[in-house]
Amino acid sequence: MITVQHITKTFRVARRNAGLKEAVKALWKREYDTIHALNDISFTIGDGEMVGYIGPNGAGKSSTIKVLSGILTPDTGQCDINGRCPWKDRSSHVQDIGVVFGQRSQLWWDVPVIDSFELLRDIYRVPQNEYKRNFDELVELLNLSQIVKTPTRQLSLGQRMRCEIAASLLHSPKILFLDEPTNHLDIQAVRWLEDFLADFEGTVLVVSHDRHFLNNVCTHIVDIDYGKIKLYVGNYEFWYESSQLIQRMIKDQNRKNEEKIKELQNFIQRFAANKSKSRQATSRRKLIDKLTVEELPASSRRYPWVAFQQDREAGKDILEVRGISKTIDGEKVLDNVSFIVRRGDKIAFISDNELAMTTLFQILMGEIKPDEGSFKWGVTTSQSYFPKDNNEYFEGHTENMLDWIAPYSQTDTLESTLRGFLGRMLFSGDDVYKPVRVLSGGEKVRLMLARMMLFGSNVLVIDQPTNHLDLESITAVNNGVRDFKGTVLFASHDHEFVQTIATRIIEIREQGVLDKECTYDEFLEFRETYKG
């Protein structure tokens, strides 16, 4: 049982004012702002419940998990987890919990992963036979046999996350706190994690931007917004539909009340001076007092406006790829890849080797050349590209957002027009004057999407567009790409994104491709029985 009562946590953050004069002044007198990470939150999680913890970026989700793990001490409030206070009984508390942080490692950076596991065994005081049993099982299930003797710093992000998950389970914890556990995981690893949590008999609190994952594993949803907590029974889809229904019901009732109030006010104005009608007018005044317009629940959730329009429709011929092969650093990532793209196709590319998809897109966009093979775009096509790595678009750039995006506008470069466009992507007020080099990962993604929308292309090539985005932005991008009338070639780890957009799946294999016109779920079922 997890009980949280009136937890508050604040941080003092040094204020950074713009300009050299302000920077020099700060050397002598530093000013601070108070950030309210958690504001009087309370909730209860029962034994065995699988709880998804959702809310806008900055709502305090990660801070909550750090408090529950004993990493942070709150300013006020109480917390009881199986009879212990996390920050007061840390040494005994950590024996019962497993923690995964998407942005924080529990593995030692310069030593082989297996050495980190053995150090954790000693820290958690795990009996050797239990450790051996768990180690062997996790190495097999998470496919770690080829990487456990590799230093952590040499692992890919996906490999590292698989090792992080294994590290959190070595001591057979009763409670799991998972902060973005699906980050950088491939399809097989995510499905294994879903299956593991389905069989896990303990309690789980998980923060994730993966909607499909939350739908598959969660029995409850805890929603934090503007410091207020609401608990829903059901998965993420149930929460989303419920919250939208509540908003619609309040709006509909408010509209009816406003119409009724207006009708009564008109009656009063017409008959208040009429003695025969004055009694009725008085009764209607009393009725107005009883009618109220309910305030909609305050929310800090904001959805960017994502909509792709094609300036002209492409002809029948979109793209033909013939026998493309490419070797990078001695590894053959593409081997005899061939396919034809038709107008209106929305093709999801998948592969066990993530580099294969990125390499293919880079070849198609002319950034690198294939070793063998060729490709040809239709003469009526125009392409917009969203690269997985956008650093080259921002590194070394000193311009602000307005100046950065202006050259990409095909028609209107007026500041008022561009400000309005950026505002729909959640860049408002003085934000548009922020230098692009200091933007967060999510802000850079939104700016890159804005750049794509300005082109008016009839073909979109998109490589991992949901990285760094919150749930609201992911939903907006999902809907924008789904509703696009042109052709889309894309890669994404987000199951829901692929399932709701793709009309065709192309799997890049060690040799050639597996190409099937179907949904993502249908493809996964087909692949389990495919013998090719």
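The following refers to the structure shown. (Residues numbered from 1 in each chain as written. Predicted model: local features only at pLDDT ≥ 70, side-chain atom pairs only at ≥ 80, totals over all residues. Heavy atoms only, no water.)

## Comments concerning the overall build of the chain
Heads up, the condition is: Helix numbers and strand numbers start at the N terminus; a helix is a DSSP run of H or I with at least 4 residues, a strand a run of E with at least 2. Between buried and exposed lies partly exposed: a residue is buried under 20% and exposed over 50% of the maximum accessible area for its type, with that area taken using a 1.4 Å probe on protein chains only. Two residues form a contact once any of their heavy atoms are found within 4.5 Å. Here the accessible surface of atoms and residues is derived via Shrake-Rupley with a 1.4 Å probe, and residues count as covered only by protein chains that are part of the display.
In terms of regular secondary structure, the chain is built from 17 helices and 18 strands. Considering the chain as a whole, with its 532 residues, one finds that 48% of them fall into the buried category. Considering only contacts in the chain between residues 6 or more positions apart, those separated by 24 or more positions represent 68%. Accessible surface for the chain amounts to roughly 27500 Å². Of this, 47% is attributable to carbon and sulfur atoms.

## Looking at the sheet that holds strand β16 (residues 487–491)
The condition that has to hold: A pair of strands is treated as paired once DSSP finds two or more bridges between them. Axis geometry follows a simple rule: fit a line to the C-alpha atoms, using only the stretch in contact for helices, then measure angles between N-to-C directions, giving values from 0 to 180 degrees.
Taken in spatial order, the 6 strands line up as β14-β15-β16-β12-β17-β18 in an open sheet, and their pairing is mixed. Edge positions in the sheet fall to β14 (383–386) and β18 (513–516), since each of these pairs with one other strand and no more. Each adjacent strand pair in this sheet contributes to an overall mean axis angle of 15°, direction not counted.

## Overview of the pairing of strand β7 (residues 203–207)
Of all 5 residues in β7, 5 are buried, a share of seventy percent or more. Alternating positions in β7 separate into two faces, Thr203, Leu205 and Val207 on one and Val204 and Val206 on the other, with burial throughout. Across 3 bridges, strand β3 (residues 50–54) lies against β7 in parallel orientation. Across the sheet, the residue bridging to Gly52 is Val206, located in β7. Across 5 bridges, strand β6 (residues 175–179) lies against β7 in parallel orientation.

## Concerning the environment of Glu395
Here Glu395 is to be found in the loop between β14 and α12 (401–405). What makes Glu395 exposed here is its relative accessible area of 59%. Glu395 sits 43 residues away from Val438 along the chain, and the two C-alpha atoms are 9.4 Å apart.

## A look at the pattern of salt bridges
Put simply, the rule is: Salt bridges are counted wherever a side-chain nitrogen of Lys or Arg sits within 4 Å of a carboxyl oxygen of Asp or Glu.
Throughout the structure, instances matching the rule amount to 20 salt bridges. Here Arg211 ties to Asp494 by a salt bridge, and the two come within 3.5 Å at their closest N and O atoms. In this pair, Arg211 sits in helix α8 (residues 211–217) while Asp494 sits in the loop between β16 and α16 (495–501), placing the two residues 283 residues apart along the sequence. Comparing Arg211 with Asp494, the two get one shared label, buried. One salt-bridge network, held together by shared partners, links Arg342, Asp345, Arg504, Asp515 and Glu517.

## As for the sheet that holds β6
The strand order across the open sheet built from 6 strands is β5-β6-β7-β3-β8-β9, with neighbouring strands paired in mixed fashion. Edge positions in the sheet fall to β5 (97–101) and β9 (228–233), since each of these pairs with one other strand and no more. Neighbour-to-neighbour, the strand axes of this sheet turn through a mean angle of 15°, independent of strand direction. Bridge count between β5 and β6: 5 bridges; the pairing is parallel. By the bridge assignment for β6, Val100 is matched with Leu178. Against the sheet, helix α6 (residues 157–169) engages β5 and β6, with an angle of about 165° to β5.

## Here we look at the side chain of Asn390
Inspection of the secondary structure assignment puts Asn390 in the loop between β14 and α12. Contact partners of Asn390, with chain neighbours within four places excluded, come to Lys444, Val445 and Met448.

## Brief notes about a negative patch on the surface
Short version of the rule: Here a patch means residues that are over 30% exposed by relative accessible area and free of salt bridges, tied together within 9 Å if like-charged and within 5 Å if nonpolar (Val, Leu, Ile, Met, Phe, Trp, Tyr). Charged residues are defined narrowly, with Lys and Arg counted positive, Asp and Glu counted negative, and His plus the chain ends left uncounted. Note on charges: their place is set at NZ of Lys, CZ of Arg, CG of Asp or CD of Glu.
On the surface, a cluster of negative charge is made up of Glu367, Asp389, Glu392 and Glu395. As for its position among the elements, Asp389 is in the loop between β14 and α12. On the basis of relative accessible area, Asp389 is assigned to the partly exposed category, the value being 49%.

Worth remembering: the numbers are spatial, not functional.
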